[in-house]
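Structural overview
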Amino acid sequence: MSAAPETSPGPIKAKKSVALSGVTAGNTALCTVGRTGNDLAYRGFDILDLAGACEFEEVAHLLVHDHLPNATELAQYKKKLSGLRGIPAPVMSALKALPASSHPMDVMRTAVSALGCALPEQEDHNGSGARDIADRLMAGLGGMLLFWYHFSHHGRMIDVQTDDTSIGGHFLHLLHGRPPPEEWTK
């Protein structure tokens, strides 16, 4: 029995799926995709406009709290997020138990699970409660990840409280152990 001659299949062409083109997969007030081509809008605001003019916390407020904040609301929101950065002791214990070889996404998933046990959600899952959960996760996940990183890789338990007013600045501060330059935060 002779073997079939080997043939090279040639370059693999990307397959374009059109099976769901034009099919509504779900309706949401959060975003629209491709309404006029390759666009993306959050609550009616073009993502390119938001990216050019807004801070992360402004867009987060838009997505979670339904509107762009004014200057006073933004300052209050940043203060609220800053106050939610702490890590409960049971979550710290769980993070300290994870090996340095853990994937960061696995660390964050574990942190969210441990946080859900340490600070359980309300039974009714009302809109306000869901918003508070989203804010807590945004405010805390960076600190939880970096707490694990510094502990698992260097044996250091870092303080996850900083004076940084933005989530990005806070993350960079915890990562490098010092306040980041303003251009990094921006």
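Residues numbered from 1 in each chain as written. Predicted model: local features only at pLDDT ≥ 70, side-chain atom pairs only at ≥ 80, totals over all residues. Heavy atoms only, no water.

Our next topic: unusual backbone geometry. Look at Arg43: it is not a glycine, yet its phi comes out positive at around 45 degrees. In this fold, Arg43 is placed in the loop between β2 (40-42) and β3 (45-46). One non-glycine residue, Asp66, lies in positive phi territory at about 75 degrees. Structurally, Asp66 is set in the loop between α2 (56-65) and α3 (71-83). The class for Asp66 is partly exposed, based on a relative accessible area of 40%. (Helix = DSSP H or I, 4+ residues; strand = E, 2+ residues; numbered from the N terminus. Buried < 20%, exposed > 50% of the residue type's maximum accessible area, 1.4 Å probe, protein only.)

The interhelical angle for the contact between helix α4 (residues 89-96) and helix α6 (residues 127-154), taken along N-to-C directions, is 45 degrees, at an axis separation of 9 Å. Regarding the angle of α4 to α6, the classification is oblique. Every pair of crossing elements has a handedness; the one defined by α4 and α6 is right-handed. Contact residues: Val91, Met92, Leu95 and Lys96 in α4; Met144, Phe147, Trp148 and Phe151 in α6. (Axes fitted to C-alpha atoms, helices over the stretch in contact; angles between N-to-C directions. Parallel < 35°, antiparallel > 145°, perpendicular 65-115°, else oblique. Left-handed = near helix turned anticlockwise from the far one by under 90°. Contact = heavy atoms within 4.5 Å.)

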